[in-house]
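Residue-level structure breakdown
Here is what each chain is made of, one letter per residue.
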Amino acid sequence: QVQPVESGGGLVQAGGSLRLSCAASGRTFSGYTIGWFRQAPGKEREFVAAINWSGRSTNYADSVKGRFTISRDSAKNTVYLQINSLKPEDTAVYYCARHSSGLYPSSNIEEYRYWGQGTQVTVSS
């Protein structure tokens, strides 16, 4: 069973940047779509970005397009989320998850099976 492990969160000022990492513990991410989601206090978990098995297809929420970039390093079995131009409304716990397949970078949270514990991102104004 695969266990995603997130890292890279922290406290940053508005306008700053962070790079989140999602590493696979146990089985590999190879062949699967990986997604990033976030959950702010009092809100539902929402889709942020996803990348398909090959890395050639990505998908972003409208709220993060142009600021967030998802990528994967198959050799390191790791998926990254580069976050630039951070805003206070980006404050949330960020989760990565492995999809049940690998063809499409789906935004459907119900299709993701294995979830990490999350990493906190806090943006101060």
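Structure shown above.
Residues numbered from 1 in each chain as written. Predicted model: local features only at pLDDT ≥ 70, side-chain atom pairs only at ≥ 80, totals over all residues. Heavy atoms only, no water.

So, the sheet that holds strand S7 (residues 68–73)
- The 4 strands are arranged S1-S3-S8-S7 in an open sheet whose pairing can be described as antiparallel. Among the strands making up the open sheet, the edge pair consists of strand S1 (2–7) and S7. Averaged over all pairs of adjacent strands, the angle between strand axes in this sheet comes to 20°, irrespective of strand direction.
- Pairing analysis gives 6 bridges linking S7 to strand S8 (residues 78–83), with the strands arranged antiparallel. Within S8, the position partnered with arginine 72 by the bridge is valine 79. (Pairing = 2+ DSSP bridges. Helix = DSSP H or I, 4+ residues; strand = E, 2+ residues; numbered from the N terminus. Axes fitted to C-alpha atoms, helices over the stretch in contact; angles between N-to-C directions.)

Details of unusual backbone geometry
- The phi torsion at asparagine 77 lies on the positive side, around 55°, for a residue other than glycine.
- With respect to the helices, strands and loops of the structure, asparagine 77 is situated in the loop between S7 and S8.
- You can call asparagine 77 buried: its relative accessible area is 18%.
- One non-glycine residue with positive phi stands out, namely serine 85, at about 50°.
- Using a relative accessible area of 41% as the deciding quantity, one classes serine 85 as partly exposed. (Buried < 20%, exposed > 50% of the residue type's maximum accessible area, 1.4 Å probe, protein only.)

Digging into the layout of surface pockets
- Computed from the structure, the largest pocket encloses a volume of approximately 170 Å³.
- Taken together, 13 residues line the largest pocket, and the ones lying closest to its centre are Arg38, Lys43, Glu46, Glu89 and Asp90. (1 Å grid on protein atoms, 1.4 Å probe; cavity = no way out; pocket = protein on both sides within 12 Å on 5 of 7 lines; lining within 4 Å. Points joined across faces, edges and corners; volume = space filled by probe spheres on them.)

Examining the nonpolar core
- Ranked by internal contacts, the top residues of the largest apolar core, which has 33 residues, are Trp36, Val48, Phe68, Ile70, Val79, Leu81 and Tyr94.
- Put simply, the parts of the chain that give this core at least two residues each are strand S3 (18–26), strand S4 (34–39), strand S5 (46–51), S7, S8, strand S9 (92–99), strand S10 (112–115) and strand S11 (119–124).
- The greatest single-element share of this core, amounting to 5 residues, is contributed by S5.
- If we ignore the near neighbours within four places in the chain, the residues touching phenylalanine 68 are Arg38, Val48, Tyr60, Leu81, Gln82, Ile83, Asn84, Asp90 and Tyr94. (Core = buried A, V, L, I, M, F, W, Y, C linked by side-chain atoms within 4.5 Å. Contact = heavy atoms within 4.5 Å.)

Notes on the pattern of salt bridges
- Scanning all chains against the criterion turns up 4 salt bridges.
- Close ionic contact of aspartate 90 with arginine 38 constitutes a salt bridge, the shortest N to O distance being 2.9 Å. Pair noted here: aspartate 90 is in the loop between S8 and S9 and arginine 38 is in strand S4, with a separation of 52 residues, a long-range link. Residue aspartate 90 shares its accessibility class with arginine 38, and that shared class is buried.
- A salt bridge links lysine 65 to aspartate 62, with the nearest nitrogen and oxygen atoms 3.2 Å apart.
- The structure contains a network of salt bridges with shared partners spanning Arg38, Glu46, Arg67 and Asp90. (Salt bridge = Lys/Arg side-chain N within 4 Å of Asp/Glu carboxyl O.)

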